[in-house]
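# Results of the structural survey
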Amino acid sequence: MSNKLEQNTQYQDSILIEGMTCASCVGRVERTLKKVDGVSAVSVNLATETAFIESEHVLDRSVIEAAVKRAGFAVKAQPAIVLRVEGMTCASCVGRVEKALSKVTGVQRAQVNLATEQATIEAASSVTTDQLIQAVARAGYQATLLSQQDNTSHADKKAQEQAQLKRDLFIAAALALPVFILEMGSHLIPAFHQLISATLGTHNSWLIQFVLTTLILVFPGRRFYQHGIPALLRLAPDMNSLVAVGTFAAYCYSIVATFMPQLLPAGTVNVYFEAAAVIVALILLGRYFEAKAKGRTSQAIQHLLGLQPQTARVEQEGTLVELPIAEVRSGMVIELRPGERVPVDGEVLSGQSYIDESMMTGEPLAVEKTTGSQVVGGTVNQTGSLRIQATTVGSSSVLAQIIRMVEQAQGTKLPIQALVDKITLWFVPAVMLLALLTFLVWLWFGPEPALSFALVNAVAVLIIACPCAMGLATPTSIMVGTGRAAELGVLFRKGDALQGLKNARVVALDKTGTLTEGKPSLSDFEVLQGFDHDTVLAQVASVEAKSEHPIAQAIVEAATARGLSLQQVDHFNSITGYGIEAEIDGHLIQIGADRFMEKLGLDLTQFADTAKRLGKAAKTPLYVAVDQQLAAIVAVADQIKDSTFSAIRELHRLGLSVAMITGDNRHTAEAIAQQLKIDDVIAEVLPEGKVQAIKQLQQRYGYVAYVGDGINDAPALAQADVGLAIGTGTDVAIEAADVVLMSGSLVGIPNAIALSQATMKNIQQNLFWAFAYNVALIPIAAGLLYPSFGILLSPIFAAGAMALSSVFVLSNALRLKAFKAVELK
């Protein structure tokens, strides 16, 4: 977990701790950490919220986190280090890089993604980027720190690599075609063989093949040797090593047959130049298709990057100046014309227009913007002109946050891949051992010419093995799936939420702001005899004006609409989960749910019939007490969202149960549940009780997905197996959730779950193909069918099958781009 200090054989590390407010907090953390086995010294700094730990050995971070939690605080996660890794070609490469990074002292977790070519490292603060880059270099690859601008430059670099692959493919194909015709044509067509013998001569034909094949291996095929041979010498062979060994063996054997035939046993003097040449051409063809497909898997990120305008029209000293977007600062005033993209997040100062926010929310309808409205960078202005003031720029903007979330999700390694990683790390060495075994078995027990059979089958085993497909099976599906989700306004903050959502058995929803609009209006206000209607309403509105709850705002708006004036409020107090109280002109006003009144010892029977009626109408009743006497009953109605009915119906169609968790009284909650056909209702839940409610559902159903607003529901979102936060469009940095639904529409819930199911099915298809392909064809390449059926697999066909294997996996993953959003009616 930390670097060793050679001078005193002590390990040092630092962790960030949140929640400390005073010196006693510091003392509590220090005492708890000192009790951890191996810790020799602890120093906690309140100002920097950092604990410095010295230990006798490397400490397990989970033990440290558990100790801090026992002290009543939480460990802040160290920012992950993300490296761009070049040179990886297959799953074995991924395993080597992860193994090398994990060996660095202080690294808690290293995760490498073949599709994105990135390594994400969680490490102690003492671990430096240089240490990690050097570890990658020792494994035989190149790494650089991923920067904010790296996506565009990396895309350009990949485009150049694709162009280079295309060029090398054409060169290899042009040179391999004559070799293939000269050799295979002679074998397949007797007349052609006679023609070659009579004109060129067999030996001259071999010389031509030698020259052309040499050119192929030296130029377009050089890449396999440059990467494969060093990896082999490090005893860490990869896919390049398989191709290099296979083609070089066929090439060297052919050279001996051409120039020193006397060294070979009688009947074995054959050349296999065409195998080496065509193998290189076919694998380059597969690599080219793979590069094109990889480019398409990352189109979602490139599309998001393309949404950011390059310049902005900024007001400076009374004139408009075009500034590069990197120079725009918060507070600058920007002019926005019809048809232009909004350059930065901001607030409308003047003007009126409609803005297409579909890139952010997935909602097709444009949104009206007037003075005071918030706008988001990357969205499209439609008809009017606007003057906006920049509020958030750079990496803090909504678009930057979205890109960051998509990148993080695309780089995630799912739990399903753990077994794959263990297998693929040893896959290439196992294949090379199997190829050697194949060679020896055919040499010792094969028919004549045994040496030729042994060589051909060993090369076929080396070439047909495809660790690429195994390495790409999961990450490509994740890339395409999360990218498609972003287009639909669903952001997977964590890639493993894809797997988690598929396992969900029940979807639990918060009511206010999730099932409903979260904008209630006053519908009923009744007072008991002896109290004046407007006087009590004015008193209630005055107290509620101090609260930010949507119900409070509804009451204040109703009082204002009746022309009532708000009064001076003293000693305001909010009682969590119950209600609020305050004094007005010496009168004690208490407002809250029925449990609050019962706590005060007030009898609610006078409003029993009214409360029952309101509950059946799905309205939330509140009670008012003035000077310890029950005075009034208040009801607000929160309109159910248009998408709620269809969303719940779609969730049922997907085979999921739906539960509602609410603080409303049971009558109101059950009325809403009956209206929406919700399966399970947990009502009268205090804010802190939502976590317990989630636990109840987990015991009853198993895997629970919880949908809330991402702020008030943070503990419940964290407790659920998968937390989905309803975003507001402009506030996407919701740390507690695994998935963020950008729009307020519940359409995102069935979309997210259906896409999760489709992605996991796609991954399973890819993994099945990758493993079944290798399990089935490697034995065939080794000659398993020859004794019974006389069937042998040519190295050329093996190369073609290997090239197509990766292309199949990538093409299957790309089908997710066609995923259709759930149509809610």
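Residues numbered from 1 in each chain as written. Predicted model: local features only at pLDDT ≥ 70, side-chain atom pairs only at ≥ 80, totals over all residues. Heavy atoms only, no water.

## Structural notes on the overall build of the chain
A tally of helices and strands in the chain yields 30 helices and 31 strands. Burial status across the chain gives 54% buried among its 825 residues. Expressed as a percentage of contacts within the chain between residues at least 6 apart in sequence, the contacts between residues at least 24 apart total 68%. Within the structure as shown, the chain displays about 35,900 Å² of accessible surface, and the carbon and sulfur contribution to it stands at 56%. Within the chain, the 74 negative side-chain charges are centred at a point lying 8 Å from the centre of the 63 positive side-chain charges. (Helix = DSSP H or I, 4+ residues; strand = E, 2+ residues; numbered from the N terminus. Buried < 20%, exposed > 50% of the residue type's maximum accessible area, 1.4 Å probe, protein only. Contact = heavy atoms within 4.5 Å. Areas by Shrake-Rupley, 256 points an atom, 1.4 Å probe, with all protein chains shown as cover. Lys, Arg positive; Asp, Glu negative; His and termini not counted. Charge placed at Lys NZ, Arg CZ, Asp CG, Glu CD.)

## Topic: a positive patch on the surface
Residues R28, R31, K35 and R70 make up a contiguous surface patch of positive charge. Owing to a relative accessible area of 33%, R28 belongs among the partly exposed residues under this scheme. (Patch = residues over 30% accessible without salt bridge, like charges linked within 9 Å, V, L, I, M, F, W, Y side chains within 5 Å. Salt bridge = Lys/Arg side-chain N within 4 Å of Asp/Glu carboxyl O.)

## Re the pattern of salt bridges
Evaluation of the coordinates by the stated rule reveals 17 salt bridges. Measuring nitrogen to oxygen at the nearest pair gives 2.6 Å for the salt bridge that ties E340 to R313. Note that E340 is positioned in the loop between β12 (333-336) and β13 (345-351) and R313 in strand β10 (residues 311-316), a separation of 27 residues in sequence. Judged by its relative accessible area of 23%, E340 is partly exposed. Residue R313 is classed as buried on the basis of its relative accessible area of 12%. The salt bridge partner of E315 is R387, with a shortest N-O separation of 2.9 Å. One end of the pair, E315, is in strand β10; the other, R387, is in strand β18 (residues 386-392), with 72 residues separating them in the sequence. Of the residues examined, E315 reaches a relative accessible area of 32% and is grouped as partly exposed. Through salt bridges with shared partners, a single ionic network connects R313, E322, E335, R337 and E340.

## What to know about the confidence of the model for the chain
Averaged over all residues, the pLDDT of the chain equals 84, while 91% of them reach at least 70. The secondary-structure element of the chain with the lowest mean pLDDT is strand β1 (residues 3-5), recorded at 38, while helix α7 (residues 202-218) shows the highest, at 94. (pLDDT = per-residue confidence, 0-100.)

## Describing helix α28 (residues 748-781)
Side chains that are three or four residues apart share a direction in an α-helix, a result of its 3.6 residues per turn. For α28, with 34 residues, the first-to-last C-alpha span of 48 Å sits near the 50 Å given by 1.5 Å per residue. Just past α28, the residue G783 takes up positive phi, approximately 100°. (Expected span 1.5 Å × (residues − 1).)

## Here we look at the sheet that holds strand β7 (residues 107-113)
In spatial order, the strands read β7-β8-β6-β9; together these four strands make up an open sheet with antiparallel pairing. A strand with exactly one partner marks an edge of an open sheet, and here the two such strands are β7 and β9 (142-145). Ignoring which end each strand starts from, the neighbouring axes of this sheet average 25° apart. Bridge analysis of strand β6 (residues 81-86) against strand β8 (residues 118-123) gives four bridges, and the strand direction is antiparallel. Paired with R84 across the bridge in β8 is Q118. In the packing of helix α3 (residues 91-102) onto the sheet, the strands contacted are β6, β7 and β8, and the crossing angle to β7 comes to about 160°. (Pairing = 2+ DSSP bridges. Axes fitted to C-alpha atoms, helices over the stretch in contact; angles between N-to-C directions.)

## A word on the side chain of E357
Tracing the sequence through the fold places E357 in the loop between β14 (353-356) and α12 (358-361). Classification of E357 as buried rests on a relative accessible area of 9%. One polar contact links E357 to K369, side chain to side chain, over a distance of 2.9 Å. (Polar contact = N/O pair within 3.5 Å; in protein donor to acceptor, adjacent residues only side chain to side chain.)

## Examining the side chain of T32
Note that T32 resides in helix α1 (residues 23-34). From its side chain, T32 meets the backbone oxygen of R28 in a polar contact 2.8 Å long. Apart from residues lying up to four places away in sequence, T32 is in contact with A67 and A71.

## Notes on helix α20 (residues 533-544)
Compared with an ideal rise of 1.5 Å per residue, which puts 12 residues at 16 Å, α20 spans 16 Å between its outermost C-alpha atoms and is within 8% of the ideal. Counting buried positions along α20 yields nine of 12 residues, so the element is predominantly enclosed. Of the positions making up α20, those classed as buried are V536, L537, A538, Q539, V540, A541, S542, V543 and E544.

## As for empty space enclosed by the protein
Here the structure, examined in full by the defined rule, presents two cavities of 30 Å³ or more. Looking at the largest cavity, its volume works out to about 50 Å³. As for the largest cavity, its lining consists of M239, I283, G286, R287, E290, C468, M802, A803 and S806. Contributions of two or more residues to the lining of the largest cavity are made by α10 (273-297) and α30 (795-814). Broken down by element, the lining of the largest cavity gets its largest block of residues, four residues, from α10. (1 Å grid on protein atoms, 1.4 Å probe; cavity = no way out; pocket = protein on both sides within 12 Å on 5 of 7 lines; lining within 4 Å. Points joined across faces, edges and corners; volume = space filled by probe spheres on them.)

## Some details on a negative patch on the surface
There is a patch of like negative charges on the surface, built from D570, E583, D585 and D627. Assessed through its relative accessible area of 66%, D585 is described here as exposed.

## Observations regarding unusual backbone geometry
In this chain, E448 is followed by P449 through a cis amide linkage whose omega measures -5°. Tracing the backbone through its elements, the reader meets P449 in the loop between α15 (427-445) and α16 (450-464). With phi around 55°, E317 is a residue other than glycine that occupies positive phi space. We note that D585 has phi near 50°; this positive angle belongs to a residue other than glycine. Inspection of the secondary structure puts D585 in the loop between β23 (579-584) and β24 (587-592).

## Comments concerning the packing of helix α9 (residues 239-259) against α15
Relative orientation of the contacting elements α9 and α15 amounts to 20°, with a least axis distance of 9 Å. Between α9 and α15, the crossing angle belongs to the class labelled roughly parallel. Once α9 is placed against α15, the crossing between them reads as right-handed. Facing α9, whose interface residues are M239, L242 and V245, α15 presents V428, V431 and M432. Considered class by class, the residues forming the contact of α9 with α15 number six nonpolar, no polar and no charged. (Parallel < 35°, antiparallel > 145°, perpendicular 65-115°, else oblique. Left-handed = near helix turned anticlockwise from the far one by under 90°. Nonpolar A, V, L, I, M, F, W, Y, C, P; charged D, E, K, R; others polar.)

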